[in-house]
Amino acid sequence: MSSVGRGNNCDGAISDVPKKRQRVDANPCFSSTIESSTHSLLPVASACGGGFNDAATADVILRLHPDRVDASSDTEHGAAATADRAEILVHLHSLVLRRSKYFAAFLSERWQHHDDFCSDNSENLRKHYRFSLSVPKTADSIDNYLKVLQLLYSDDLLSSIGSVSTVLSILPIALELLFEDCIKACVKFLEAVPWNEDEEEKILDLIPLLSNQESKELLARVSPAKSDSSEEMLHGLVRTAIYNSPSMASGKAFVVKLLKDFSSKELARRVLYEEFEKNLRIVKQAMEEYSSPDFRANRLAPEAIQKVNLYTAMNYGKHLLWLVERMLELKVADSAVKSWSELASFTADLHKAFNEGPWRSMLPGLPSVVLRCTSKLANAVAMGSVLATRQVRMNLVRDWLPVLIICKDKDRESVSSPLGPNHKTLYLELEETFLRIISTLPMSDSQDLLQQCLRFSTRVGDDCPHLVAAFTTWFHRANRPQQFELCE
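Presented here is an overview of the structure given in this document. Note that the coordinates shown come from a computational prediction; the quantities given were computed from them, not determined experimentally. (Residues numbered from 1 in each chain as written. Predicted model: local features only at pLDDT ≥ 70, side-chain atom pairs only at ≥ 80, totals over all residues. Heavy atoms only, no water.)

**Concerning helix 16 (residues 344-355)**
The end-to-end C-alpha distance of helix 16, which contains 12 residues, comes to 16 Å, matching closely the 16 Å that a straight helix rising 1.5 Å per residue would cover. Every buried residue of helix 16 is listed here: Phe346, Thr347, Asp349, Leu350, Ala353 and Phe354. Projected down its long axis, helix 16 shows its buried positions confined to an angular sector of 155 degrees, all on one face. Of the surrounding elements, those touching the buried residues of helix 16 are helix 12 (265-291), helix 17 (358-362), helix 18 (366-383) and helix 19 (390-413). (Helix = DSSP H or I, 4+ residues; strand = E, 2+ residues; numbered from the N terminus. Expected span 1.5 Å × (residues − 1). Buried < 20%, exposed > 50% of the residue type's maximum accessible area, 1.4 Å probe, protein only. Arc of directions from axis to C-beta. Contact = heavy atoms within 4.5 Å.)

What follows is the structure, encoded as structure tokens:
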């Protein structure tokens, strides 16, 4: 497509036209020809005294012809295709053409030459302007130029457009011919209707050809107002999924799918971890207040406050579990694992709280939530999905092992398990995971931690083969003849 300002010459000589074209009119200077057209004529501007391609009243004859085929790219097929595409002559009116600044320039006295005029043999010796306009060598280029020339005769451009595809075919031509009314109508139409993906790409290619004012609304539609718009949007979606999940399970599932397909893993990591840290702070604060005797002593209704704190810890603990699952799915849980290994004071509050009785009657499912978060993160470490440092691995077991043990001990004492019917599976999974992590630690560290794991055993040793295997491995290493001298 010709670009804006491209020089389409107005010439006096017109090459011979193919014989296959239909003759529409003749005059002493040249043959006026035009192909049969299926285009419906649009409403005309009555001031010109005639319509589009009205030879009886026209004072301009425009020759539309394809660009010449480049010799370097002229193939047999390309040459044949060009020969089949007939150039045409169109009868127009100078009064209407002046709606286009391009034609207005050629019609001005400054650009007129005597070769641009030709008299016919009619009584009034009516004179015609003759222009020649080359069009790109594409299948529909001449048809598209005809559409724009017809639009010059339309008083209602918007109703004549009809679709985005029409705009995409005529807007480049309107820009080339400086047809401002058509450009404005096309832009206004594009601003108001949806686009598909292919159309949007084509519109983006046209935006640089528009003025700043013309492209303002189009750019606002495809360009973020702020550099962090994607992050802000993702934060909003994650928060909606977390805090409204009980009432919009389908929305939550949508966010899960969106995160899986999200293009920027680093952005997803940042958003999920920020929400993880926020929810973790709330859970920590709630359990700290629940476990603090000073906090309870300074309240008029300590039992009610305790219940509120437990419910807060439970609700935000569920949010944490959802976030942990998402980070593990995306393999961006490194920071979460590190944070979970630095919770010595929090695990101490949990141990104290679970060692007391009131939480059982208020919210017996709370231990399950925190242990499931621990199990998922610890399992990622044990499986190698998250490559944690020695200190992180050791802290993860050392701080969370007492919480697992107190929950298991209290569960044994109760008639019904606070963790629900799957509590034995959760205990066993976490025990096995801790033992695998312990096996990755230096023997001095694993020796201390394994002794704490004796609480995993039941009355029948055969019920805990995972513990037997862990001690067997440790003793096997301890009794191995020393072959290497360790550096201090």
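After that view of the structure, there is still more to cover.
**Some details on the side chain of Lys410**
Position of Lys410 among the secondary structure elements: in helix 19. If we ignore the near neighbours within four places in the chain, the residues touching Lys410 are Phe354, Asn355 and Arg360.

**Quick word on the nonpolar core**
Among the nonpolar cores identified, the biggest contains 79 residues, and Phe276, Met287, Trp322, Trp340, Phe354 and Trp400 are the most heavily contacted of them. Looking at this core element by element, the count peaks at 11 residues for helix 19. Those residues in contact with Phe276 that lie beyond four places of it in its chain are Leu320, Leu323, Val324, Met327, Ala336, Ser339 and Trp340. Grouped together as the second largest cluster of nonpolar side chains are 50 residues, Tyr102, Ile161, Val167 and Ile207 included. (Core = buried A, V, L, I, M, F, W, Y, C linked by side-chain atoms within 4.5 Å.)

**A short note on the pairing of strand 3 (residues 60-66)**
The side chains of a regular strand alternate between both faces of the sheet. Of all seven residues that make up strand 3, seven are buried, and the element is covered over most of its length. In strand 3, alternate side chains face the same way, and those of Val60, Leu62, Leu64 and Pro66 on one face and Ile61, Arg63 and His65 on the other are all buried. As defined by bridge partners, strand 3 adjoins strand 4 (residues 88-92) across five bridges and the pair is classed as antiparallel. Looking at strand 4, one finds that Ile61 is bridged to His91. Pairing of strand 3 with strand 6 (residues 127-135) involves seven bridges; the strand directions are parallel. When the sheet's bridge partners are listed, Arg63 is paired in strand 6 with Ser132. (Pairing = 2+ DSSP bridges.)

**Things to note about unusual backbone geometry**
Notably, Asn53 is not glycine yet its phi reads approximately 60 degrees, a positive angle. Mapping Asn53 onto the fold places it in the loop between strand 2 (31-33) and strand 3. The class of Asn53 is partly exposed, set by a relative accessible area of 22%. The phi torsion at Lys331 lies on the positive side, around 60 degrees, for a residue other than glycine. If you trace the backbone, Lys331 turns up in the loop between helix 14 (302-329) and helix 15 (334-340). For Lys331, a relative accessible area of 59% corresponds to the exposed category.

**Describing the packing of helix 16 against helix 19**
Remark: helix 16 packs on helix 19, axes separated minimally by 9 Å, with the N-to-C direction vectors making an angle of 10 degrees. Considering the angle they form, helix 16 stands roughly parallel to helix 19. Contacts between helix 16 and helix 19 involve Ala344, Phe346, Thr347, Leu350, His351, Phe354 and Asn355 on the former and, on the latter, Asp399, Trp400, Pro402, Val403, Ile406, Cys407 and Lys410. The residue makeup of the contact of helix 16 with helix 19, split by class, is nine nonpolar, three polar and two charged. (Axes fitted to C-alpha atoms, helices over the stretch in contact; angles between N-to-C directions. Parallel < 35°, antiparallel > 145°, perpendicular 65-115°, else oblique. Nonpolar A, V, L, I, M, F, W, Y, C, P; charged D, E, K, R; others polar.)

**Some remarks on the packing of helix 18 against helix 20 (residues 423-438)**
Where helix 18 contacts helix 20, the two axes come as close as 9 Å, and the packing angle between them is 35 degrees. The two elements helix 18 and helix 20 meet at a crossing, and its hand is left-handed. Across the interface between the two elements, Ser368, Leu371, Arg372, Thr374, Ser375, Ala378, Asn379, Val381, Ala382 and Met383 from helix 18 touch Leu426, Tyr427, Glu429, Leu430, Thr433, Phe434, Arg436 and Ile437 from helix 20. Of the residues that constitute the contact of helix 18 with helix 20, the class distribution is 10 nonpolar, five polar and three charged. (Left-handed = near helix turned anticlockwise from the far one by under 90°.)

Geometric descriptors of this kind do not, in isolation, establish any biological role.
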